[in-house]
Amino acid sequence: MKLQLRIGKVLYLLVVLLIAGVALAALIFVLPAAASRQSVQETTVTWLDGPSGEIVAGQEITVSVRISDVVGLYGIEFTLNFTPTHLQVIDADLGTPDVQIAPAECPQTDFLVQNVVSNAAGTIEYAVTQLNPTPPFSGDCTVAHIRFTAQQAIPTTVTFAELTLSNKDFGQIPSEAIGIKIGESGKRYVYLPIIIKP
């Protein structure tokens, strides 16, 4: 009788250990893999797209601000830096004072908060938000187009100084910010950390 009890206890412990082992394996392998897939799926990238190849002085260059894999976008605010002795922004709206860039498809320009270029300082400040009843945007889109005139035939960069993406509830959407180097053979991207404006 005692032997049967001991055997029963041993079998019980083996079953418990087996269950614990299966659970541990799930924690080690299944959950990190799922988290990794979720992280990849939720990565939003805001990047600058422009021409490849060498440039010459006086050449017109268009750089576009694009977003990839965004979910629930409702507003965006960014500041770009460029070198004034290398590039100058061409005004996209001659009927409005000062120099501005051209809004594109998203976010929809229900309320254009800011669109200011300083060719002297080499900065572009842009902010736009949608308003009700416009629905949030998800997917890939182009935010704005910037037309430059090359001042010199040398490689130069356009980079993000600040970037904030927001949803309809005014929450921030994390995004990687990628600038661009133009004037060299092949496109050269400038990878930057996530920049959030408080």
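That block above? That's the structure.
Residues numbered from 1 in each chain as written. Predicted model: local features only at pLDDT ≥ 70, side-chain atom pairs only at ≥ 80, totals over all residues. Heavy atoms only, no water.

Visitor: With reference to specific residues and values, describe the environment of Asp140.
Guide: Locating Asp140 in the fold gives a position in strand β8 (residues 137-150). For Asp140, the residues in contact, after removing those within four places along its chain, are Ile67, Ser68, Asp69 and Glu105. In this structure the side chain of Asp140 is engaged in a polar contact, spanning 2.8 Å, whose partner is the backbone nitrogen of Asp69. (Helix = DSSP H or I, 4+ residues; strand = E, 2+ residues; numbered from the N terminus. Contact = heavy atoms within 4.5 Å. Polar contact = N/O pair within 3.5 Å; in protein donor to acceptor, adjacent residues only side chain to side chain.)

Visitor: Give a detailed account of the pairing of strand β11 (residues 176-182), specifying residues and quantitative values.
Guide: The buried fraction of β11 is high, at five of seven residues. Here three bridges tie strand β1 (residues 45-49) to β11, and the two strands are oriented parallel to one another. Following the sheet pairing, Thr46 is matched in β11 by Ala177. Looking at chain direction, strand β9 (residues 156-166) and β11 are connected through three bridges and run antiparallel. Bridge pairing in β11 links Thr156 to Ile182. (Buried < 20%, exposed > 50% of the residue type's maximum accessible area, 1.4 Å probe, protein only. Pairing = 2+ DSSP bridges.)

Visitor: Could you give an account of the packing of aromatic side chains, with specific residues and numbers?
Guide: Applying the stated criterion across every chain, the model contains three aromatic pairs. With a centroid separation of 6.1 Å and 80° between ring planes, the pair formed by Phe78 and Phe160 is classed as edge-to-face. In this pair, Phe78 sits in strand β3 (residues 75-82) while Phe160 sits in strand β9, placing the two residues 82 residues apart along the sequence. The residues Phe78 and Phe160 share a single accessibility class, namely buried. Taken together, the aromatic side chains of Phe78, Tyr126 and Phe160 make up a single cluster linked through ring pairs. (Phe/Tyr/Trp six-rings, centres within 6.5 Å; stacked < 30°, edge-to-face > 60°.)

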